[in-house]
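Commentary on secondary and tertiary structure
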Amino acid sequence: MSLTTSLEDTIVAISSPYGMGGVAVIRCSGKKALDILKQLFFKRNKLPFDFNKWQARRMYYGLLMDEGQIIDEVMVCWFAFPHSYTGEDVVEVYCHGSVYVQQRILQAFVQRGSRIAEAGEFTIRAYLNGKLTLSEAEAIGDLIHSETESAHRLAMNQLRGGYQQLINQLREQLLQFASLLELELDFSEEDVEFANRQQLIEILNESLKKMSELMISFKMGNAIKTGVPVVILGKPNAGKSTLLNALLNEEKAIVSDIPGTTRDLIEDKLIIQGILFRIIDTAGLREAKDVIEKIGIERARQSIEKAMIVILLQDITEYDIQETQNHLKLIQSINPDVAIVQVYNKIDKIKQQQDSNFNDEVIFISAKEKYNIEVLKNKLVDIVVQKGYQPHQPMVSNVRHFNELQNAKQFLEKALESLKNKVTTELVAEDLRFAIMHLSNITGNISSEDVLKNIFSKFCIGK
Ligand code: GDP
């Protein structure tokens, strides 16, 4: 697909999900969209509409006919250029959701000079026609894929601007200095200094700080989008499977497979208070049985490395303080950032619920009798909040944005070093230029087709 030439084509797709439904939407965008519709859409008495009197963004009711044959009774809306999602002429047909009807209408559009849209192609056009910034377009992709309240809020925040303004501010500031430095280079023979070096150093430090804050938010932002990784660790028979079932069974809203997760890695997912949790690689851990003893096993180690939270599950009737300390140390040595929740199971087996050896951080449950499962769930949410999840704060959740920030940061750090060491202006100016380019890549102004294709190919057909 060539992004520039494809703008000449008129494209069509079924924009509603594949399969049978109450209603389906067929969307067509491009120069021929309205012309094609005129050949297919008629009044209820089969007579043609007076399209000269048509108003944009109004619903019309009529018959979708192909070569004299009625395919369906439909509603139609025309979004006139440039006031549409793509910024082109768009027509949308709302038909009955039969797969046959949808396909027939699609065919009718194709036979009259439209071509089937590729994944994300409507949104590419919206971007190329200046209707959306790149970051907004990506947010739409995330919005479509969001399965939980928190992922939805994150996507919505990005769609409404999110950290774009901050990035633009940083960019503007750096641009100002970059142009002063460029000016100095133009006058290099005269040895003038337009850009105040001390001020520039301050601006660079401030920019680096703000960028670091955004980058820190990525770990959480990404976890909110793809699921907070949790590992349940415990000796054989501690009750890991029982606990997992208790957690999952109680949650009616177990989400479907997240696209992109590998098939061989079985993950259980649950939503607690609108946050998606991913119990990682439990199949592997269950297989390995004595996980703690075999912690050398690469798989268990990797799970702990990937986790944001480890639930260390122990059988209260086999309580052993020394062993617990060893386990805690081991987990911390593998992943110093991980939050560990100490959970004692099988509390139903003993009368005494607490012991002076336990602190407040310990949770007592009975996985079998589903006692205190709610407390454990609340604890998981608390940890996510403690680790910096603020529902209304913009967070970086997009890997591409994170990488661009990282690149920009490296160039700024280089520029700062050069300034401090009084290296030639040329090098500083060049590093600033690269940093600015990477920041620009977050919100738009990307010209590389490869990058654009990569971003938009993740969309669904019809969007
Ligand atoms: P895993 O090896 O850690 O996955 O442990 P399981 O979930 O298979 O549980 C081991 C045994 O402990 C099973 O017989 C469970 O029924 C039992 N069990 C698990 N949780 C509890 C509990 O809260 N109370 C009691 N009394 N038994 C439990």
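It should be emphasised that the depicted structure is a prediction, and the values quoted were computed from it without experimental measurement. (Residues numbered from 1 in each chain as written. Predicted model: local features only at pLDDT ≥ 70, side-chain atom pairs only at ≥ 80, totals over all residues. Heavy atoms only, no water.)

1. Some words on the overall build of the protein chain
When helices and strands are counted, the protein chain shows 15 helices and 13 strands. Looking at the 463 residues of the protein chain, the share that counts as buried comes to 51%. Contacts in the protein chain between residues at least 24 apart in sequence constitute 66% of all its contacts with a sequence separation of at least 6. (Helix = DSSP H or I, 4+ residues; strand = E, 2+ residues; numbered from the N terminus. Buried < 20%, exposed > 50% of the residue type's maximum accessible area, 1.4 Å probe, protein only. Contact = heavy atoms within 4.5 Å.)

2. Digging into the pattern of salt bridges
Note on pairing: side chains with opposite charge can pair once their charged atoms come close. Taken as a whole and judged by the stated rule, the model has 19 salt bridges. With a closest N to O distance of 2.9 Å, Glu323 and Lys235 form a salt bridge. Of the two residues, Glu323 sits in helix 11 (residues 321–334) while Lys235 sits in the loop between strand 8 (228–234) and helix 8 (240–250), which places them 88 residues apart along the sequence. Between Lys414 and Asp431 there is a salt bridge, with its nearest N and O atoms 3.7 Å apart. Taken together, the residues Lys414 in helix 13 (residues 399–420) and Asp431 in helix 14 (residues 425–443) connect sequence positions 17 residues apart. (Salt bridge = Lys/Arg side-chain N within 4 Å of Asp/Glu carboxyl O.)

3. So, the sheet that holds strand 8
The strand order across the open sheet built from six strands is 9-10-8-11-12-13, with neighbouring strands paired in mixed fashion. At either end of the open sheet lies a strand with only one pairing partner, and these are strand 9 (268–272) and strand 13 (363–364). Two strands pair when backbone bridges link them, and strand 9 and strand 10 (residues 275–279) are joined in this way by five bridges, in the antiparallel orientation. Looking across to strand 10, one finds that Ile271 is bridged to Leu276. (Pairing = 2+ DSSP bridges.)

4. Regarding the packing of helix 5 (residues 149–159) against helix 7 (residues 197–226)
Following both chains from N to C, one finds helix 5 and helix 7 inclined at 125°, their axes separated by 8 Å at the closest point. Classified by the angle their axes make, helix 5 and helix 7 are oblique. In this structure, helix 5 meets helix 7 at a crossing whose hand is left-handed. Residues Ser150, Ala151 and Leu154 of helix 5 lie in contact with helix 7, whose contacting residues are Gly221, Ile224 and Lys225. A class-by-class count of the residues in the contact of helix 5 with helix 7 yields three nonpolar, two polar and one charged. (Axes fitted to C-alpha atoms, helices over the stretch in contact; angles between N-to-C directions. Parallel < 35°, antiparallel > 145°, perpendicular 65-115°, else oblique. Left-handed = near helix turned anticlockwise from the far one by under 90°. Nonpolar A, V, L, I, M, F, W, Y, C, P; charged D, E, K, R; others polar.)

5. Topic: the packing of aromatic side chains
If you walk through the whole model with that rule in mind, you get eleven aromatic pairs. Centroid distance Trp54 to Tyr60: 4.1 Å. Interplanar angle 5°. Geometry classified as stacked. For Trp54, a relative accessible area of 9% gives the class buried. Tyr60 gets classed as buried once you look at its relative accessible area, which sits at 16%. These aromatic residues form a ring-pair network of at least three members: Phe41, Phe49, Phe51, Trp54 and Tyr60. (Phe/Tyr/Trp six-rings, centres within 6.5 Å; stacked < 30°, edge-to-face > 60°.)

6. Some points on a nonpolar patch on the surface
A grouping of Leu180, Leu183, Phe187, Val192 and Phe194 is seen on the molecular surface, where their side chains present a nonpolar patch of about 360 Å² in accessible area. Assignment of secondary structure puts Val192 in the loop between helix 6 (164–186) and helix 7. (Patch = residues over 30% accessible without salt bridge, like charges linked within 9 Å, V, L, I, M, F, W, Y side chains within 5 Å. Areas by Shrake-Rupley, 256 points an atom, 1.4 Å probe, with all protein chains shown as cover.)

7. Focus on the nonpolar core
Counting residues in hydrophobic clusters, the biggest one holds 36 residues, and the most contacted among them are Leu243, Phe277 and Ile309. Ranked by residue count, the leading element in this core is helix 12 (residues 373–386), at six residues. Setting aside residues up to four positions removed in sequence, Phe277 forms contacts with Val228, Val230, Asp268, Lys269, Leu270, Ile272, Ile309, Leu380, Val381 and Val384. Grouped together as the second largest cluster of nonpolar side chains are 33 residues, Leu170, Leu208, Phe402 and Ala408 included. (Core = buried A, V, L, I, M, F, W, Y, C linked by side-chain atoms within 4.5 Å.)

8. A short note on the site of the ligand
Of all residues adjacent to the ligand, which total 16 residues, the nearest are Asn237, Lys240, Ser241, Thr242 and Asp348. Interatomic distance of 2.9 Å between a side-chain N/O atom of Ser241 and an oxygen atom of the ligand. For the ligand, an oxygen atom lies 3.0 Å from a polar atom in the side chain of Lys346. Out of a free accessible area of 590 Å², the ligand has 78% covered by protein chains. Broken down by element, the shell around the ligand gets its largest block of residues, three residues, from helix 8. (Near = heavy atom within 4 Å. Polar contact = N/O pair within 3.5 Å; in protein donor to acceptor, adjacent residues only side chain to side chain.)

9. Considerations on the environment of Leu233
Take Leu233: it is sitting in strand 8. C-alpha of Leu233 to C-alpha of His327: the two residues are 94 residues apart in sequence and 9.6 Å apart in space.

10. Observations concerning the pairing of strand 9
The buried count for strand 9 comes to five of five residues, which makes it a mostly enclosed element. Across the two faces of strand 9 the burial is the same, with Asp268, Leu270 and Ile272 and Lys269 and Ile271 all buried. Remark: two residues form the turn of the hairpin made by strand 9 and strand 10, two consecutive strands paired antiparallel; Gln273 in that turn has positive phi of roughly 45°.

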